[in-house]
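# A closer look at the structure
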Amino acid sequence: MSANALLLWMSARRQGSWQQFRTAVEELHLGESNDLGGEDDDAPDQFALPLYQTLRFNLQRLGHAEFFAGAGDFDWRVTPPSLAVTQHARGWLGIVAGARSPTLLQRLHAAVGPAKLETLAFPSYPDQILIAANDQATVAAVAQRAGLLLQSEAPAALLTSLPPIDDPCVRYLTQLPFGADWRIDRFSSDDLAWRSATLDDAASASGGLFRFSLRHQRHVLFCARGAAFRIPGQVGKYLVLRLRRRRRQVLRYDGQKRSLAVPASCRPPFLVERALILCSGSPPSYEGGPRGGILHYAEIPDGIAAIAAALLRQEFR
């Protein structure tokens, strides 16, 4: 079975618990599960996580579903069927996101008209369904005929609604975990990896990102001057890079190739990454290397790259 079957199941259920999601992955024979169930994606590449966490992250970064904080009173909820529209280098592109059913897919194929429909398959992702046309009105008409919500200029609209990584609203005051059994790691801005640390390191840090792991629990905390703050892991990494005496630059943009690259260990926070993926409809490609993997996002206009860089407090060149 594929990730398509999982998305169909989620679309029929609409929302549910984390245990139901894990059970569905197992019952659909999509893979085994044995991870910590954390809130951040710390894997160096897309193959290093247990499959049901990979599926959860992939569904979330493509906008098909929201998990935990974004899911209201549930652990997950599927998003309404939508067409996210953006201007492409060769015209206009609409990307189908959210709940889908066999009936909706039939309506979509029947509604294409003069536009072009393309289906792209990626490992551990539901198929990406793209609608391409020379003008925006043609793409919008497909959404109307198929009964999809329309999201115009989706990447820019999403990015301009987000706070930067150093905005106080993205972190919440908390307490350091109590007890001697926690495994503690600190994110190193020098080699972009987690390194073993102690509770004293966290308590005395002037600005550091720490990960506390114990059995099925994981907490990622930003610690500064005796205070601890709960923060999304990928947001915290860029905040640490921002606070270096000489700001660490990890984002690279090639305007000629319309490509944006970051180290795989510093992939952007979910909603920033979602906006980048909406530029092309394709997840980032992964390039391995002796110093760690690199993620490449394709078809990124310079304006979108500039907004993303500003949110991540990275220089845009």
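As a starting point, this report considers the structure included with it. The structure displayed is predicted, hence computed values, not measured ones. (Residues numbered from 1 in each chain as written. Predicted model: local features only at pLDDT ≥ 70, side-chain atom pairs only at ≥ 80, totals over all residues. Heavy atoms only, no water.)

## Some remarks on the packing of aromatic side chains
Inspection of every chain in the model, using the stated rule, returns 11 aromatic pairs. With a centroid separation of 6.4 Å and an interplanar angle of 75°, the aromatic rings of Phe-122 and Tyr-125 are classed as edge-to-face. For Tyr-125, a relative accessible area of 11% translates into the label buried. With 5.5 Å between their ring centres and 35° between their planes, Tyr-253 and Phe-316 make a pair best called tilted. One end of the pair, Tyr-253, is in strand 15 (residues 252-254); the other, Phe-316, is in the segment after helix 10 (302-311), with 63 residues separating them in the sequence. (Phe/Tyr/Trp six-rings, centres within 6.5 Å; stacked < 30°, edge-to-face > 60°. Buried < 20%, exposed > 50% of the residue type's maximum accessible area, 1.4 Å probe, protein only. Helix = DSSP H or I, 4+ residues; strand = E, 2+ residues; numbered from the N terminus.)

## Thoughts on helix 2 (residues 18-27)
Taken together, the buried positions of helix 2 are Trp-18, Phe-21, Arg-22, Ala-24 and Val-25. Considered in projection along helix 2, the buried side chains sweep an arc of 160° and stay on one side of the axis. Considering only its buried residues, helix 2 is in contact with helix 1 (3-13), strand 1 (15-16), helix 3 (51-61), strand 2 (65-67) and strand 3 (76-78). (Arc of directions from axis to C-beta. Contact = heavy atoms within 4.5 Å.)

## Regarding the sheet that holds strand 7 (residues 128-133)
With mixed pairing, 5 strands are arranged side by side in an open sheet as 6-7-5-4-8. Both edges of this open sheet fall to strand 6 (116-120) and strand 8 (149-151), since each of them pairs with a single strand only. Each strand axis lies, on average, 25° off the axis of its neighbour in the sheet, ignoring direction. As paired strands, strand 6 and strand 7 are joined by 5 bridges and run antiparallel to one another. The residue of strand 7 that forms the bridge with Glu-118 is Leu-130. Seen against the sheet, helix 4 (residues 102-111) touches strand 5 (91-97), strand 6 and strand 7 and runs at an angle of roughly 20° to strand 7. (Pairing = 2+ DSSP bridges. Axes fitted to C-alpha atoms, helices over the stretch in contact; angles between N-to-C directions.)

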